[in-house]
Amino acid sequence: QVQLVESGGGLVQAGGSLRLSCAASGRIFSINDMGWYRQAPGKQRELVATITSGGNTNYADSVKGRFIISRDNARNTVYLQMNGLKPEDTAVYYCNADVREVMRFRSLERWGQGTLVTVSS
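Residues numbered from 1 in each chain as written. Predicted model: local features only at pLDDT ≥ 70, side-chain atom pairs only at ≥ 80, totals over all residues. Heavy atoms only, no water.

**Things to note about the overall build of the chain**
Scanning the chain from terminus to terminus reveals zero helices and 11 strands. From first element to last, N terminus to C terminus, the chain shows the α and β order β-β-β-β-β-β-β-β-β-β-β. On the principal axes, the C-alpha backbone points of the chain span a range of 50 × 25 × 25 Å. Here the chain holds 121 residues, and the buried ones make up 41% of them. For the chain, the proportion of contacts with a sequence separation of at least 24, taken over those separated by at least 6, is 56%. Carbon and sulfur atoms provide 47% of the accessible area of the chain, an area that totals close to 6,700 Å². Of the charged side chains in the chain, 14 are positive and 10 negative; the average position of the first set lies 4 Å away from that of the second. (Helix = DSSP H or I, 4+ residues; strand = E, 2+ residues; numbered from the N terminus. Buried < 20%, exposed > 50% of the residue type's maximum accessible area, 1.4 Å probe, protein only. Contact = heavy atoms within 4.5 Å. Areas by Shrake-Rupley, 256 points an atom, 1.4 Å probe, with all protein chains shown as cover. Lys, Arg positive; Asp, Glu negative; His and termini not counted. Charge placed at Lys NZ, Arg CZ, Asp CG, Glu CD.)

**Quick word on unusual backbone geometry**
Residues other than glycine seldom take positive phi values, yet Asn 76 does so here, at roughly 50°. With respect to the helices and strands, Asn 76 occurs in the loop between β7 (67–72) and β8 (77–82). Even without glycine at this site, Met 103 takes up a positive phi of about 70°. You can see Met 103 is positioned in the loop between β9 (91–101) and β10 (107–111). Here Met 103 falls in the exposed class, since its relative accessible area comes to 73%.

**Observations regarding the side chain of Thr 115**
Its place among the elements puts Thr 115 in strand β11 (residues 115–120). The class for Thr 115 is buried, based on a relative accessible area of 11%. Discounting residues that sit within four places of it in the chain, Thr 115 has contacts with Glu 6, Gly 9, Leu 20, Ala 91, Val 92 and Tyr 93.

**A look at the environment of Arg 104**
Tracing the backbone shows Arg 104 in the loop between β9 and β10. Take Arg 104: its relative accessible area is 52%, and that puts it in the exposed class. Separated by 75 residues in sequence, Arg 104 and Phe 29 place their C-alpha atoms 8.4 Å apart.

Read these as layout, nothing more, since geometry by itself doesn't imply function.
If you want it as structure tokens, here you go:
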């Protein structure tokens, strides 16, 4: 069973920075796209950023220029460097990965358990 485990959330003041990490483990053959999503209280989950296995990135307009997504394919890990944090960035951040397991022909979308980021004003 593949698991995604996030870390790095916490409380930070507006203007500060945090770095989230998400490590995938299990019987992994390959990982395609990886990404970060977030869900604020009372709102729907939304895309923050994605990165392909080749390193191509995509960002939500609200985080462009402030957040940087990266990945270490050897470690099956994706990162989200968050700079210039704003109170409106407060949310639970979820890691997402399209994972193909060993001895499987198709990849499946996997989610982490989420990590809370709180930005105080």
